[in-house]
Amino acid sequence: MSYASTNTLQSRQTPYCSAIIELLRQHGHATNADLLRWLRKTYPLVSATTVHRATTRLAKRGEIGHAPANNQGAMRYDSLATPHDHFMCQRCSMLHDVDVISEVRSLLAAKITDCAVSGRVVITGVCKHCKTETSL
Ligand SMILES: [Zn+2]
Ligand SMILES: [Zn+2]
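Residues numbered from 1 in each chain as written. Chains lettered and ligands numbered in written order. Predicted model: local features only at pLDDT ≥ 70, side-chain atom pairs only at ≥ 80, totals over all residues. Heavy atoms only, no water.

Caption draft 1: Inspection of the packing of helix α2 (residues 32–42) against helix α3 (residues 48–60) at higher detail. Look at α2 against α3: their axes get within 10 Å of each other, and the N-to-C directions meet at 120 degrees. Classified by the interaxial angle, the pair formed by α2 and α3 is oblique. Crossing geometry of α2 relative to α3 is assigned as right-handed. Each of Asn 32, Leu 35, Leu 36 and Leu 39 in α2 lies in contact with α3, whose residues at this interface are Ala 48, Val 51, His 52 and Thr 55. When grouped by side-chain class, the residues that make up the contact of α2 with α3 number five nonpolar, three polar and no charged. (Axes fitted to C-alpha atoms, helices over the stretch in contact; angles between N-to-C directions. Helix = DSSP H or I, 4+ residues; strand = E, 2+ residues; numbered from the N terminus. Parallel < 35°, antiparallel > 145°, perpendicular 65-115°, else oblique. Left-handed = near helix turned anticlockwise from the far one by under 90°. Contact = heavy atoms within 4.5 Å. Nonpolar A, V, L, I, M, F, W, Y, C, P; charged D, E, K, R; others polar.)

Caption draft 2: Representation of the packing of aromatic side chains in the model. Going through the model one piece at a time under the given rule, you end up with one aromatic pair. Measuring from ring centre to ring centre gives 5.0 Å for Tyr 16 and Tyr 43, while their planes differ by 70 degrees; the resulting arrangement is edge-to-face. Placement of Tyr 16 in helix α1 (residues 8–27) and of Tyr 43 in the loop between α2 and α3 is noted, with a sequence separation of 27 residues between them. (Phe/Tyr/Trp six-rings, centres within 6.5 Å; stacked < 30°, edge-to-face > 60°.)

Caption draft 3: View of the coordination of the zinc ion (ligand 2). Donor atoms from the polypeptide that bind the zinc ion (ligand 2) are His 29 (NE2), Asp 78 (OD), His 84 (NE2), His 86 (NE2) and Asp 97 (OD), placed at 2.0 to 2.2 Å. Here the donor residues of the zinc ion (ligand 2) share one chain and are spaced in sequence as H-x48-D-x5-H-x1-H-x10-D. Here His 29, found in strand β1 (residues 29–31), pairs with Asp 97, found in strand β5 (residues 95–98); they are 68 residues apart in sequence, far enough to count as distant. Taking relative accessible area as the criterion, His 29 reaches 13% and is therefore assigned buried. Taking relative accessible area as the criterion, Asp 97 reaches 32% and is therefore assigned partly exposed. (Donors = N, O, S within 2.8 Å, 3.2 Å for Na, K, Ca; no water. Buried < 20%, exposed > 50% of the residue type's maximum accessible area, 1.4 Å probe, protein only.)

Caption draft 4: Looking closely at the coordination of the zinc ion (ligand 1). Around the zinc ion (ligand 1), the protein contributes the donor atoms Cys 89 (SG), Cys 92 (SG), Cys 127 (SG) and Cys 130 (SG), which lie 2.3 Å from the metal centre. Note that the zinc ion (ligand 1) binds four donor atoms; their angles at the metal cover 106 to 113 degrees, and the shape is tetrahedral. The motif formed by the donor residues of the zinc ion (ligand 1), counted along the single chain, is C-x2-C-x34-C-x2-C. With Cys 89 in strand β4 (residues 85–89) and Cys 130 in helix α5 (residues 128–135), this residue pair connects regions lying 41 residues apart in the sequence. (Tetrahedral: all angles 85-135°; square planar, octahedral: opposite > 155°, others 65-115°.)

Caption draft 5: Highlighting the nonpolar core. Core analysis: the largest hydrophobic core is formed by 19 residues, its most contacted members being Ile 20, Leu 24, Leu 35, Leu 39 and Ile 64. Mapped onto this core, the elements with two or more residues apiece are α1, α2 and α3. In this structure Ile 20 touches Leu 35, Leu 39, Val 51, Ala 54, Thr 55 and Leu 58, once residues within four positions along its chain are discounted. (Core = buried A, V, L, I, M, F, W, Y, C linked by side-chain atoms within 4.5 Å.)

This is the structure:
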């Protein structure tokens, strides 16, 4: 009798979860479709359902965060799980992490007392890359 298979259930999901965390760390932000495309380079047989389940679980555990959706409305995940603000390019949907709210908070504190800002903002514009393309 062997009890060696007690952790089968856990190890089935783990390689994908750690690969997803690593990919998000490299890219900052990504949709499930991006993650699926990148994961398939290492795991050709990984399915969209597996990726979806892994990202949902990781977000629920607070290991990854939610990022603003891209121009096509696709949900994106964030390697940073703590709340922060974003700059988003209106043309290519590129996201850049910024922290506007901490500065706004101190501005507000000077003007309005007893006010706590908790929301997060997305500032839109055109990124450096898209700006260069236009001027060519
Ligand atoms: Zn852009
Ligand atoms: Zn972010």
